[in-house]
Amino acid sequence: MECVVQGIIETLHVEALEILLVGLCGAPKQRIRVHELCLKSGPNLVSSEVRLLCDLAKTTPSWTIRHVGGAMRGAGADQLSVLVRPIAESKASSTALRFFYGIGYKLDHEVLKTGFAFQFQNRGANLTVSVTSTNRMPRLHATDDAVPITPGIHLVEITAPAAPENYTEVASAIASFCEYLSPLLHLSKPGISTGIVPTAASAAASLMSSGGGIKIL
Amino acid sequence: MTVKWLMHFQPNQGTTLTSQVMAEACAVAESFPGVSRDGRWRSAMTFYRAVPRDQSLPAPSDLPRDLIGISLHDLPNEYLFVMRSQRLILRAHSSVQTVMDKLQSYKGRFFINFEGLQYKWGDFKLRIGKCLYNPNEALRGIVMEVEYLPLSSMDKSQRVMEEFYEIWREAVASKLLAGQFINTEVNFVEYGLGDSYTPQHTAVLYGMCVVQVIASSNKNQ
């Protein structure tokens, strides 16, 4: 299970966001370069979707098989400012793509996500803040030739693992962390867009001139 | 990972496999000088079948009918899939079983456990076990896994494994067991596997061995 919020930021403010995150985290960023392949079952099979993530940031690419479940529903879920959903993941060998083709899955689409991430501990929850550009490939699997789908816009996502017995606390930890980022961007449940915040430009300018220097957590 | 060979017991024509063979095979192992018992072992295999979108129809023929999953006794945090028809192996964390459950496109249809006793004999580890259908525990075969601890190269260990195999066959024959142990032969190159032994090699061995065990069991029933 995981809790997640998303928001967007103009690419020209990403450097300022990074300065803010460095100040909050105090640890170096992790580079993101992930080739994400979305596979769907063929017409003969029970309908299902699976994602294969190939981490290209390391010297030796590593593969993860990921299944994302439907968002939690109901009055309790509606009251949360974060989305809660079941997640199942497994590290796998490089034969993962051939394996899923072999059992009847087809490639629906693929993207390359590039950017960076920071890890935080807030109120006992392990938060990952990722700032990425989503890129499409002009030819099958041509990651070196990928181009941004939305030039000028980056996606910011905060995710945190959760369990049925603690997801409300995790949601609260994410919500409180979002406050630190509010001058630059607003984060909300995926699918509910809040657009670009009007204070982003001035907040970014302030961060760039001060170089960050904020250690809050 | 160090090299393993996998053998199964082939009963003589017209004889029925019983648990007594397991006891006799263990007695053979225990007769080796300097051998020591080293606990128990258990591996589990699942035979998967595709779940068609229209469940009133049989599974389409273009979907694999030979997908198996294996949990190996010495790798409790991992799970391996083998598709013999496509010479394909997937090695993953054991949580991949949860992913497959969530996808619901393939379900486990029947299950086989390999379980028995483990012995240490010099540089060898011997694992003799029953091959049991789950859950009714019907005996389908007897297997023996032989591991040579000093080496990971299959080429370099070939001779010493062949010598062990001959020693074992002679010992079994001298005890007048009603059959013999047959080694599982696999062309690992077809699976994209090299000389350095890996869990993928073990998964392929079990995938081939179980086919022979089931065929042998069906023939003798």
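Just so it is clear, the model here is predicted, and its values are computed rather than measured.

Visitor: Just checking my understanding: could you explain the overall build of chain B for this structure?
Guide: Counting its secondary structure elements, chain B contains 4 helices and 9 strands. Reading the helices (α) and strands (β) of chain B from amino to carboxyl end gives β-α-β-β-β-β-α-β-β-β-α-β-α. A compact globule built from 221 residues would reach a C-alpha radius of gyration of about 17 Å, and chain B, at 18 Å, matches this within 12%. For chain B, the spread of C-alpha atoms along the principal axes amounts to about 60 × 40 × 30 Å. Going through the 221 residues of chain B one by one, you find that 52% of them count as buried. Restricting the contact set of chain B to residue pairs at least 6 apart, pairs at least 24 apart contribute 66%. Of the roughly 10,100 Å² of accessible surface on chain B, a fraction of 48% belongs to carbon and sulfur atoms. For chain B, the centre of its 23 positive side-chain charges and the centre of its 22 negative side-chain charges are spaced 6 Å apart.

Visitor: What is the right way to read the interface of chain A and chain B from this model?
Guide: Where the parts come together, the accessible area they lose is often given as the size of the interface. Contacts between the two partners involve 27 residues from chain A and, on the opposite side, 30 residues from chain B. Of all residues in chain A, Asn-44, Val-46 and Phe-99 of chain A bury the most surface against chain B, accounting for 27% of the area lost on that side. Counting across the interface, chain A meets chain B through 0 salt bridges. Inspection of the chain A/chain B interface yields 14 residue pairs in polar contact (both at pLDDT 80 or more). When contributions to the side of chain A that touches chain B are tallied by element, the ones reaching two or more residues are strand 3 (49–55), strand 4 (62–68), strand 6 (87–92) and helix 3 (96–102) of chain A. Taken together, the residues that form the side of chain A that touches chain B break down as 12 nonpolar, 11 polar and 4 charged.

Visitor: Sorry, what's going on with the environment of Ser-43 of chain B here?
Guide: All names here are of chain B. Topologically, Ser-43 is positioned in strand 2 (residues 36–50). Taking the C-alpha atoms as reference, Ser-43 lies 26 Å from Asn-12; in sequence the two are 31 residues apart. In contact with Ser-43, not counting residues within four places along its chain, are Ser-71, Leu-72, His-73, Ile-112, Asn-113 and Phe-114. A polar contact of 3.0 Å, which involves the side chain of Ser-43, links it to the backbone nitrogen of His-73.

Visitor: Sorry, what's going on with the nonpolar core here?
Guide: The tendency in soluble globular proteins is for nonpolar side chains to be buried side by side. Among the nonpolar cores identified, the biggest contains 60 residues, and Ile-128, Phe-164 and Trp-168 of chain B are the most heavily contacted of them. Setting aside anything within four residues of it in sequence, one finds Trp-168 of chain B in contact with Met-7, Ala-25, Val-28, Ala-29, Phe-32, Ile-128, Met-144 and Phe-181 of chain B.

Visitor: What is the right way to read the confidence of the model for chain B from this model?
Guide: Do not read the predicted coordinates in detail wherever pLDDT is low. Summing up the model confidence of chain B, the mean pLDDT is 92 and the portion of residues at 70 or higher is 99%. This complex was scored by the predictor with a pTM of 0.91 and an ipTM of 0.92.

Visitor: Please explain the packing of aromatic side chains as it appears in this structure.
Guide: Any two aromatic rings considered together are summarised by their centre-to-centre distance and by the angle between their planes. Throughout the structure, instances matching the rule amount to 22 aromatic pairs over all chains. With 4.7 Å between their ring centres and 50° between their planes, Phe-120 of chain A and Phe-177 of chain A make a pair best called tilted. Here Phe-120 of chain A is found in strand 7 (residues 105–122), whereas its partner Phe-177 of chain A is found in helix 4 (residues 167–181), with 57 residues between them in sequence. Taking the relative accessible area as the measure of exposure, Phe-177 of chain A reaches 0% and is therefore buried. Three or more aromatic residues joined by ring pairs make a cluster, and in this case those are Phe-9, Phe-32, Trp-121, Phe-124, Tyr-148, Phe-164, Trp-168 and Phe-181 of chain B. For the cation-ring pair, Lys-29 of chain A lies above Phe-116 of chain A, with the distance from its terminal atom to the ring centre recorded as 5.2 Å.

Visitor: Help me understand the side chain of Arg-140 of chain B, please; the structure alone is not making it clear to me.
Guide: All names here are of chain B. When you line up the elements, Arg-140 lands in strand 8 (residues 139–148). Residue classification places Arg-140 among the buried residues on the basis of a relative accessible area of 9%. Here Tyr-133 takes part through its side chain, which lies 3.0 Å from a polar atom of the side chain of Arg-140.

Visitor: Just checking my understanding: could you explain the packing of helix 1 (residues 19–30) of chain B against helix 3 (residues 154–174) of chain B for this structure?
Guide: Each pair of packed helices can be described by the angle between their axes along with the distance between the axes. Residues and elements named next belong to chain B. Two numbers describe how helix 1 lies on helix 3: the axes approach to 10 Å, and their chain directions differ by 120°. With respect to helix 3, the element helix 1 is oriented oblique. Crossing of helix 1 against helix 3: the hand is right-handed. In contact with Ala-25, Val-28 and Ala-29 of helix 1, helix 3 contributes Trp-168, Ala-171 and Val-172. Split by residue class, the contact of helix 1 with helix 3 holds 6 nonpolar, no polar and no charged.

Visitor: When you look at the state of the cysteines in this model, what are you seeing that I'm missing?
Guide: Residue and element names in this part refer to chain B. One pass over the full model with this rule turns up 0 disulfides over all chains. Between Cys-209, a free cysteine, and Cys-131, which holds the nearest cysteine sulfur, the sulfur-to-sulfur gap is 7.3 Å. Overall, Cys-209 belongs to the buried group, its relative accessible area being 0%.

Visitor: Sorry if this is basic, but what is going on with the pairing of strand 7 of chain A here?
Guide: Remark: a regular strand shows side chains that alternate across the two faces of the sheet. For strand 2 (residues 30–41) of chain A and strand 7 of chain A, the ladder comprises 12 bridges, and the chain directions are antiparallel. By the bridge assignment, Gln-30 of chain A is partnered in strand 7 of chain A with Ala-117 of chain A.

Visitor: Hey, could you run me through the pattern of salt bridges in this one?
Guide: Oppositely charged side chains may form a pair once their charged atoms are brought near each other. All names here are of chain A. Tallied over the entire structure, the rule returns 23 salt bridges over all chains. Of the charged contacts in the structure, one is a salt bridge between Arg-51 and Glu-36, with a shortest N-O distance of 2.6 Å. Of this pair, Arg-51 sits in strand 3 while Glu-36 is found in strand 2, placing the two residues 15 residues apart along the sequence. Judged by its relative accessible area of 12%, Glu-36 is buried. As a salt-bridge pair, Lys-58 and Asp-55 come within 2.8 Å of each other at their nearest N and O atoms.

So, how was this worked out
- Residues numbered from 1 in each chain as written.
- Chains lettered and ligands numbered in written order.
- Predicted model: local features only at pLDDT ≥ 70, side-chain atom pairs only at ≥ 80, totals over all residues.
- Heavy atoms only, no water.
- Helix = DSSP H or I, 4+ residues; strand = E, 2+ residues; numbered from the N terminus.
- Rg over C-alpha atoms; globule rule 2.2 N^0.38 Å.
- Buried < 20%, exposed > 50% of the residue type's maximum accessible area, 1.4 Å probe, protein only.
- Contact = heavy atoms within 4.5 Å.
- Areas by Shrake-Rupley, 256 points an atom, 1.4 Å probe, with all protein chains shown as cover.
- Lys, Arg positive; Asp, Glu negative; His and termini not counted.
- Charge placed at Lys NZ, Arg CZ, Asp CG, Glu CD.
- Buried area = accessible area lost by both parts, 1.4 Å probe.
- Salt bridge = Lys/Arg side-chain N within 4 Å of Asp/Glu carboxyl O.
- Polar contact = N/O pair within 3.5 Å; in protein donor to acceptor, adjacent residues only side chain to side chain.
- Nonpolar A, V, L, I, M, F, W, Y, C, P; charged D, E, K, R; others polar.
- Core = buried A, V, L, I, M, F, W, Y, C linked by side-chain atoms within 4.5 Å.
- pLDDT = per-residue confidence, 0-100.
- Phe/Tyr/Trp six-rings, centres within 6.5 Å; stacked < 30°, edge-to-face > 60°.
- Lys NZ or Arg CZ within 6 Å of the ring centre and 35° of its normal.
- Axes fitted to C-alpha atoms, helices over the stretch in contact; angles between N-to-C directions.
- Parallel < 35°, antiparallel > 145°, perpendicular 65-115°, else oblique.
- Left-handed = near helix turned anticlockwise from the far one by under 90°.
- Disulfide = S-S within 2.5 Å.
- Pairing = 2+ DSSP bridges.

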